[in-house]
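What follows is the residue order along each chain.
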Amino acid sequence: MAVARFEPAGGPIEVAVSCDPNRNGSYTIILWEANANEVVKKYPGNFLNTADDEYSLDTPNAKHKGRLLEAMVVVAIPPGVGPSDVSMTVSQDGAELARDERSVAPGSPGALVDLFVELESQ
Amino acid sequence: MTNFLRWLRWMVTAFTLALGPSIGHAQIVRDSGLSPFAKDYKVDFAIPDAPAFKLLQVDESAILRPQTVRDLTLAVDGFRGNNNAFVVPKQFGIEVSPGLLIGAAQLKLSDYNAKKFLYATRFSGATGRDSLNRGQIAAGVRFSLVDEEDMRSKGANGTDTAVTRLTERMRDIYVTARLRTRPPAPFVLTEDEKNALNALADSIKGYWADHYWNARSVEFAFAGRALTTDTLGHNPKMDEIAGWITYANGLRGWGQFLFGAKVGSARESTGSFHASNTLAARLYIGSNALKTFVEGQEASSSTTQAKWLVNSGVEIKIPGVGWINASAGYASAVNGGEPRVISSFKFKTGVPGT
């Protein structure tokens, strides 16, 4: 599992989901509490507008230590086109800290891509 | 040859009677999520004539329509006997993609896409009787150069709200299942959730069929036909060879334009071969499940085909069963004389599934 080691005193932790090349799809990013079956927050969205698929986690950053980010992405890729790479990226102050990514084959009418990044403080 | 004819007829009849109608929506039932196998994601586009079937002169149209590959398709024609009464069909055709058919059960979607040209290569065989009750056998091969390449321009690039809403409903089912179990433990879908996901995936496939039935494609094919002295296939004699190339492209969501050429050589009544070349154009209007068409064609230097032809017809999908094509038109007489009425009625089905 990818691990994002963030700076507690740095800027907000950013999490983004993308599908490249873009296809019809939607996602929910789930922020799980550390070591507990508890959801801290959910971030739902879709790929109709690719400019709004990046989210800032609430501050202060220190409380995210040990938490888990999960992106459940469903994409529909028709036959006759190329595959798409679906990814979740965690960054801070413009630097990428971690990424999880899967490729989805064409001809997939609603494939689930389940991505994970664990948050740890430096 | 006799054995081959008997085998081919047996296969076609058995599949048509036994497997053809036994069709239902593909169910994707796996322990979690959707199937990785290519066979579960077939989109039900229309079934065109196979090259070998075309050479049986099931109709007088020379254009060979391109279409997305299927594992196995069957076609029957020649339903009309004396006085236009319906009779046991005289012509049978079969087209198969060996790669898809042999490995269908375990073929992964990713493997299919990696070797798409290979899987889209189809072989066809056909048998029938001509107007003089002589036996006909034909064999052909078809290749796809371009297939559905224009989907990006039809909202597949993330901007289609209808498909996006369907993916949102699928996502919500997955999220509901996930919230019952914290990762890294895998989540488990209930039977109801699996069924709902499969239904939504089928909805997306149906949407694709409606929107991409007229996508751009380019195909070429070759076939040869032999005449036999009787219906048992004795004394086969090469009668015609032909090659086709066809370009098809969509007209927004409502139409498709086809332009094709057929080049070849056919045996004349004198026994010698003569060039038989034809240019044809066809326009489809409608949707995937129901469409009409008009076409026209002109033959150059052919003594075995109509000099010109105008034709129109319909193509209808019978859900869970197959496709019906019916057409009627006018064609010039092959050897002069008055133009005559032509007509055609065909039934086609894919095996297994629609």
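Here goes a summary of the coordinates provided.

The rules behind these values
- Residues numbered from 1 in each chain as written.
- Chains lettered and ligands numbered in written order.
- Predicted model: local features only at pLDDT ≥ 70, side-chain atom pairs only at ≥ 80, totals over all residues.
- Heavy atoms only, no water.
- Helix = DSSP H or I, 4+ residues; strand = E, 2+ residues; numbered from the N terminus.
- Contact = heavy atoms within 4.5 Å.
- Buried area = accessible area lost by both parts, 1.4 Å probe.
- Salt bridge = Lys/Arg side-chain N within 4 Å of Asp/Glu carboxyl O.
- Nonpolar A, V, L, I, M, F, W, Y, C, P; charged D, E, K, R; others polar.
- Expected span 1.5 Å × (residues − 1).
- Buried < 20%, exposed > 50% of the residue type's maximum accessible area, 1.4 Å probe, protein only.
- Polar contact = N/O pair within 3.5 Å; in protein donor to acceptor, adjacent residues only side chain to side chain.

This part is about the environment of G99 of chain B. On the secondary structure map, G99 of chain B appears in helix α3 (residues 98-102). A C-alpha to C-alpha distance of 9.2 Å links G99 of chain B and Y112 of chain B, two positions 13 residues apart in sequence.

Quick look at the interface of chain B and chain A now. Tallying the contact residues gives 41 residues for chain B and 42 residues for chain A. With both chains or domains summed, chain B and chain A bury close to 3100 Å², and 64% of this area falls on carbon and sulfur atoms. When the area that chain B buries against chain A is broken down by residue, the three leading residues are R171, R182 and W208 of chain B, summing to 22%. Our count for the contact surface shared by chain B and chain A stands at 2 salt bridges. The salt bridge partner of E70 of chain A is R178 of chain B, with a shortest N-O separation of 2.9 Å. For the side of chain B that touches chain A, the secondary structure elements donating two or more residues are α4 (109-114), α6 (161-178) and α7 (191-212) of chain B. Per-element tally for the side of chain B that touches chain A: the top contributor is α6 of chain B, with 11 residues. Classifying every residue of the side of chain B that touches chain A gives 18 nonpolar, 10 polar and 13 charged.

Before going further, it helps to examine α6 of chain B. Look at α6 of chain B: 25 Å from first C-alpha to last across 18 residues, which is about the 26 Å you get at 1.5 Å a residue. Restricting attention to buried positions, one finds in α6 of chain B the residues V163, T164, L166, T167, E168, M170, R171, I173, Y174, V175, A177 and R178 of chain B. Contacts from the buried residues of α6 of chain B go to β3 (24-32), β4 (39-46), β6 (68-77) and β9 (108-121) of chain A together with α7 of chain B. Residue D160 of chain B occupies the N-cap position of α6 of chain B, its side-chain oxygen lying 2.9 Å from the main-chain nitrogen of A162 of chain B.

Structural measurements only, silent on function.
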